[in-house]
Amino acid sequence: MSESVYKKLKLYGIEGLVHLPAYVPPITKSIRNKIKRKYTVFFNIWKVDSRKSVTVYGIDLLIEIASLYPDIQFECFVSSEKNLRLLYDSINQRKVKNIEVVVGENLVSHFSRADLFLRLNRDDAYGVSIQEALDCGVPAIASDVCLRPRGALLFESGNLKQLKAVFERALSLPRHTLISERLSTKYHLELIDIYRRNLGR
């Protein structure tokens, strides 16, 4: 169950609850491509519902950062094709040429190509993709709008100046240093153990 549901049930006096994040680590192992290529930054959103989505997902921040670093390749993964024109219009208005929009692809299967992951949402709930990035060995920058996986590099939500500072730090430090504080995320093993005990196996 989610942390919010867990807290509500505790308020009602329900005992014997165990809170485990609803997360299973990706089985895809990130094998780094040793071929020399552009520094590549990933960013993902679910779908563009309206112009408000541009702000909620931090697409405006992505565009600002991309415009400041024209030699870096940015890839924006989108699950749904709905209202993509709003996304393209936002990018084209700033005449940014280094953002590629990738639609309907499994983000995890592409992490072997990524040097950095961004989660810039102004409204969010944990952000599983942050944990997936870290588990694949990819450093992650995230807004501090909610609880984030340990090891993510945080900036104040909506604060472009802070985001730029954290981005610069990520560019300057080795990968192993940036992900050194990540935690083991084998919560699913604990969950399986709970099921076994409850089923008497």
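In this text, all values refer to a predicted model and were calculated from it rather than measured experimentally.

### Some points on the packing of aromatic side chains
Overall, the coordinates contain 5 aromatic pairs when judged by the stated rule. Between the aromatic rings of Phe 74 and Phe 167, the centroid separation amounts to 6.1 Å while the plane-to-plane angle is 20°, which identifies the pairing as stacked. Residue Phe 74 is found in strand β2 (residues 73–78), and its partner Phe 167 is found in helix α6 (residues 160–172); the two are separated by 93 residues along the sequence. Of the two residues, Phe 74 and Phe 167, both sit in the buried class. Ring centres 5.8 Å apart and planes at 85° place the aromatic pair Phe 111 and Phe 117 in the edge-to-face group. When its relative accessible area of 0% is taken as the criterion, Phe 117 is described as buried. Of the aromatic side chains, those joined through ring pairs into one cluster are Phe 42, Phe 77, Phe 111 and Phe 117.

### Remarks on unusual backbone geometry
Within the chain, Asn 83 stands out as a residue other than glycine whose phi angle is a positive 55°. When you line up the elements, Asn 83 lands in the loop between β2 and α4 (84–93). On the basis of relative accessible area, Asn 83 is assigned to the partly exposed category, the value being 33%. The backbone phi angle of Lys 95 is positive, close to 55°, even though this residue is not glycine. By the element assignment, Lys 95 lies in the loop between α4 and β3 (99–103).

### So, helix α5 (residues 128–135)
Of all the 8 residues making up α5, 6 are buried; the element is thus mostly covered by neighbouring parts of the structure. Taken together, the buried positions of α5 are Ser 129, Ile 130, Gln 131, Glu 132, Ala 133 and Leu 134. Each element contacted by the buried residues of α5 is listed here: β1 (40–45), β4 (116–119) and β5 (140–143). Looking at the residues trailing α5, positive phi occurs at Gly 137, about 80°.

### Considerations on the side chain of Arg 148
If you trace the backbone, Arg 148 turns up in the loop between β5 and β6 (153–155). A distance of 2.8 Å separates the side chain of Arg 148 from the side chain of Asp 124, its partner in a polar contact. For Arg 148, the side chain forms a polar contact with the main-chain oxygen of Tyr 126, separated by 2.7 Å. With sequence-adjacent residues up to four places away left out, Arg 148 is seen in contact with Arg 119, Asn 121, Asp 124, Tyr 126, Gly 127, Ile 130, Ala 142, Ser 143 and Leu 154.

Rules of the game
By convention here, each chain's residues receive numbers from 1 onward along its written sequence. Thresholds applied to this predicted model are a pLDDT of at least 70 for local features of residues and 80 or more for the giving and counting of side-chain atom pairs; totals over whole chains, interfaces and linings are not thresholded and use all residues. The side-chain values count all of the structure's non-hydrogen atoms but skip hydrogen atoms and water molecules. Stacked, edge-to-face and tilted labels apply to pairs of Phe, Tyr and Trp rings (six-membered ring for Trp) whose centres lie within 6.5 Å, assigned for plane angles under 30 degrees, over 60, and everything in between, in that order. The helix count covers DSSP runs of H or I at least four residues long, the strand count covers runs of E at least two residues long, and both are numbered beginning at the N terminus. Burial classification: accessible surface area is computed with a 1.4 Å probe over protein chains only, and a residue below 20% of its type maximum counts as buried, one above 50% as exposed, and the rest as partly exposed. What makes two residues a contact is simply this: any of their non-hydrogen atoms within 4.5 Å. Here a polar contact is taken to be a pair of N or O atoms separated by no more than 3.5 Å, where protein atoms must pair a possible hydrogen donor with a possible acceptor and residues adjacent in sequence count only if both atoms sit in side chains.

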